[in-house]
Amino acid sequence: MNQKWTFHAILILMALIGIGTAVVRHLSAGTPFLPGQEKSVWLVEARVDFDVTGGPISASLSLPDAQPPGFDLFDEQAASPGYGFTVLGEGSNRRAEWTKREAEGEQSLYYSAQLVESDSHGVSPAGAVFPSREYNNYWENAQELAAKEVLDLAREKSSTPLSLTRELIKLLNNPSSQNAGLLRSDTLSQAELLIHFLSRADIPARYAMGLYLEDARRRQILTPMVEIYTEQEWLLVNPKTGDVGVPSNLLLWHRGGVSVLDVSGGENSRVHFSMIRQTVPAAQLAQITKSDSIFSRLGVQRLPIEEQSMFKLLLLLPLGAAVVVFMRVIIGLKTSGTFMPVLIALAFLQTSLVEGLISFVLIVAAGLALRGYLSRLNLLLVSRIAALIVLVIFMISAFSIIGYQLGYSAGMAITFFPMIIIAWTIERMSILWEEDGPSEVLTQGGGSLLVAVIAYLLMQMPLFVHLTFNFPELNLVLLASILAMGQYTGYKLSELWRFRAMDDL
Amino acid sequence: MSKRWVSIRRLQEFGMLGMNCRNVDFINRYNRRKDFPLVDNKLKTKLLAQEYAVPTPGLKFVVREQHEISHIEQQLTDIASFALKPAKGSGGKGILVVTGRQGDQFVRSSGALLDIADIRRHMSNILAGLYSLAGSADVVIIEDLIAFDDCFRGYSHEGVPDIRIIVFRGYPVMAMLRLATAASDGKANLHQGAVGVGLALDSGRCLQAAQFGRPIKLHPDTGCPLSDIRISGWREILLLASQCYDMTRLGYIGTDIVLDKFAGPQLLELNARPGLAIQITNGRGLLPRLRHIEHMSLNRRFRAEQRVDYAMQQFAEDGSAALSPMQDK
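Owing to the predicted nature of the structure, the values given are computational and were not obtained by experimental measurement.

A. Quick look at the overall build of chain B. A tally of regular secondary structure across chain B gives 11 helices and 13 strands. The proportion of buried residues among the 329 residues of chain B is 46%. Within chain B, residue pairs in contact and separated by at least 24 positions form 64% of the contacts whose partners lie at least 6 positions apart.

And the structure:
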């Protein structure tokens, strides 16, 4: 009895510590409890990697404007131990420069910027710099002819520089056009090709690099874009689609200028980006970056953004686990595999509910059919499961390709499911089918999906995403509730049904 | 069937043991983790039983490695009938009962014919861990087939009827007879559709019976009235069950006992997580009996005989209570 009391006291203490810490954090750092009261802030981190070849090192990375279209640059930092760091230039020519006398091996340099979404159109000061014409000897004879024809065709159908650009893109995108086919090559991107055309047509054009912002993405690269100068301003054109203007989720990282990344003293240099969307009030943003309070130091926000994106998912897992415990202990739902539902729910987070459900059911059903054949082959268990994994991957590829051809990008979503777990699920279900019949398969499969859906619905709620990420200590409350449920000795809801015969005896 | 759910209050009146309560208050508290393998592994149980002179079906041989399967034929030549089991199987999964031969083929208890290739595949699956609890590697046990007692004639479909007795700290607390049916495919597991017949602890006679959690009166396949059942040699069976506590030191176990026509009661297997359906077949909850034993000052010198006598007396059903156990206290 005494032991039980201590246990409960510890649980309550744990929950109180969790809530208390959250309240103190709220008061001292100003992080609000509700996600609605906030401004969304993008944390974008560029990571430059290169291998040192020897000699003094200098790396220079193009940076976004202080006010790129649609955003305000709030703050920027560089984290690169042992390197000298300066930001050079102004406006669209801003560059970050890292320097070091000597280093060895692989180097990683980080630059991170915090950008607040804004309505500003961020029109860059009309760059009077016109691009030099260096197109002259670019194309071979046959290509020269083709280019001329394409340009003439586009000129015929257009009236302004903008409409000419659009027509050019349309012609270049036309898969059946021989001229376009001749001009397209592996070494030349569509953006470069377009610039060549535009400079032939005497339309001032320049290169730009944009970054599509999507929450919790890692290892993203820049997308090449084209800007044309018309009516006293630079207009952004997507060289693939011909869309004009800056999409709201596109951050213009690099405009005009020389190159995105220059490294001297190193080779094999590359840059990639991680980003995360935070919902922090702008007032607090200043505190996070400047204050050295214990909370801002112990917050997950202090980690590199690449890790933060992972933590955003990881910190949601306790919620899913608590749902599983609740459904199994209190409700008494049968699931196949204890925490398989949480993994499915995580996959749903990456896809979306309906797409995820459909693709999951499709794969498992197709897998069950294939497994029926495998069971006749008299295979050892390990190789049977291994074969199943291979088949599952084939099926996923097939579904993705078919889906893509039919115009559903949802097909691709399937790749987020954990293959090994799916293979094991199929194996278990198949055995269950043989031994206990299809009804048991439906019970357990349905139970798993139900738990997964409930876990998903909770895990995708902005409130919980916000709370678990900004107040990681609240997971102590979840832990306490999980431990409490671990000691629950009352009846499960399902037992009220199971033992219903007791009333009739 | 007027009501579809039963209230928590009613369940408490009956003293029904729920899954959570069983796991936390009894299995976790009275079964030591390190003793679990003794019951989870049928081979270990069997060897232990032989040590303690508890009768079990004779062990023919054991297959431990995949390569032994290729020359399994010689080992099976002299054996007409046998039961083939995974040592770590649970819930009756993976058990193959061969009752005889027909030429080169093996006859299953269901009448189906099997090739040696089928047997090999089955063994291979068992060794790979298909039926074991955590999918870990397993061994195959081949043991004597039970020649089941005539007293169950007409009460079973194919499978061997077995007697499940819950033993708590060495005291038998509840018993039932499990009869295979066509619905359960010859298996004696209640959730698969076997009939459970609650047995009075003092006499071994039928209290009531249930299938799929509903009360029934007749065996669904043979039509024999279940209320006529009375197990002979009841005390001997309880003794066997009680001895399993001395053997494993597990406080809360389910013992599965079969009656062999020639050799008498045999311990088939033990279960460290016995199911709860036994309460439905008995029409009463386990909790009052378990709490009674729990709060009793245990006499450690009590041997199995004394424990059985105590339980038979303490948990005796007087005629009226047996018929209507739900009368108010």
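Picking up after the structure, the text goes on.
B. Inspection of the overall build of chain A at higher detail. Within chain A, the secondary structure is distributed over 18 helices and 13 strands. In chain A, which comprises 505 residues, the share counted as buried stands at 35%.

C. Quick look at the environment of Asn470(A). Residue and element names in this part refer to chain A. Inspection of the secondary structure assignment puts asparagine 470 in helix H16 (residues 462-470). C-beta crowding within 10 Å serves as the criterion here: with 25 such atoms nearby, asparagine 470 is assigned to the buried category. Taking the C-alpha atoms as reference, asparagine 470 lies 9.6 Å from histidine 26; in sequence the two are 444 residues apart.

D. Local environment of the sheet that holds strand E12 (residues 252-260) of chain B. All names here are of chain B. The strand order across the open sheet formed by 7 strands is E11-E10-E9-E8-E7-E12-E13, and the pairing between neighbours is antiparallel. The sheet is open, and its two borders are formed by strand E11 (214-216) and strand E13 (264-271), each paired with just one other strand. Between one strand axis and the next, the sheet turns by 30° as a mean value, whatever way the strands run. Pairing of strand E7 (residues 162-168) with strand E8 (residues 171-179) involves 7 bridges; the strand directions are antiparallel. Pairing of phenylalanine 168 across the sheet is with tyrosine 171, part of E8.

E. Structural detail: the packing of helix H2 (residues 141-156) of chain A against helix H3 (residues 161-173) of chain A. Residue and element names in this part refer to chain A. Two numbers describe how H2 lies on H3: the axes approach to 9 Å, and their chain directions differ by 130°. Our classification of the angle between H2 and H3 gives oblique. Where H2 crosses over H3, the two elements pack in a sense that is right-handed. Between H2 and H3, the residues in contact are Val150, Leu153, Ala154 and Arg155 and Leu164, Glu167, Leu168 and Leu171, respectively. Here the contact of H2 with H3 is built from residues that sort into 6 nonpolar, no polar and 2 charged.

F. Just the interface of chain B and chain A, in detail. In this assembly, 32 residues from chain B lie in contact with 25 residues from chain A. When contributions to the side of chain B that touches chain A are tallied by element, the ones reaching two or more residues are helix H1 (8-14), helix H2 (19-30), helix H6 (116-128), strand E10 (206-211) and E11 of chain B. By residue number, the principal contributor to the side of chain B that touches chain A is H2(B), which donates 5 residues.

Here is what the cut-offs are and how they apply
- Numbers given for residues are sequential positions, taken from 1 along each chain in its written order.
- Whichever chain is written first becomes A and whichever ligand is written first becomes 1, with later ones labelled in order.
- At least 70 in pLDDT is required for a residue's local features to be given in this predicted model, at least 80 for side-chain atom pairs to be given and counted, and no such filter applies to totals for whole chains, interfaces and linings, which use all residues.
- For the purposes of this entry, the term helix denotes a DSSP run of H or I that reaches at least four residues, the term strand denotes a run of E that reaches at least two, and both are numbered from the N terminus.
- A residue is called partly exposed when the number of other C-beta atoms within 10 Å of its own lies between 12 and 20, exposed at 12 or fewer, and buried at 20 or more, with C-beta atoms placed from the backbone.
- Throughout, a residue-residue contact means that the two C-beta atoms, derived from backbone geometry, are no farther apart than 7 Å.
- At least two DSSP bridges between two strands are needed for those strands to be called paired.
- All axes here are fitted lines through C-alpha atoms, helices being fitted over the stretch that makes contact, and every angle between N-to-C directions spans 0 to 180 degrees.
- Throughout this description, any angle smaller than 35 degrees is read as roughly parallel, any larger than 145 degrees as roughly antiparallel, any in the 65 to 115 degree range as roughly perpendicular, and the remainder as oblique.
- Left-handed is the label given to a crossing in which the near helix is rotated counterclockwise from the far helix by less than a right angle, and right-handed is the label when the rotation is clockwise.
- Any residue that is not Ala, Val, Leu, Ile, Met, Phe, Trp, Tyr, Cys, Pro, Asp, Glu, Lys or Arg is counted as polar, Gly included; the first ten are nonpolar and the last four charged.

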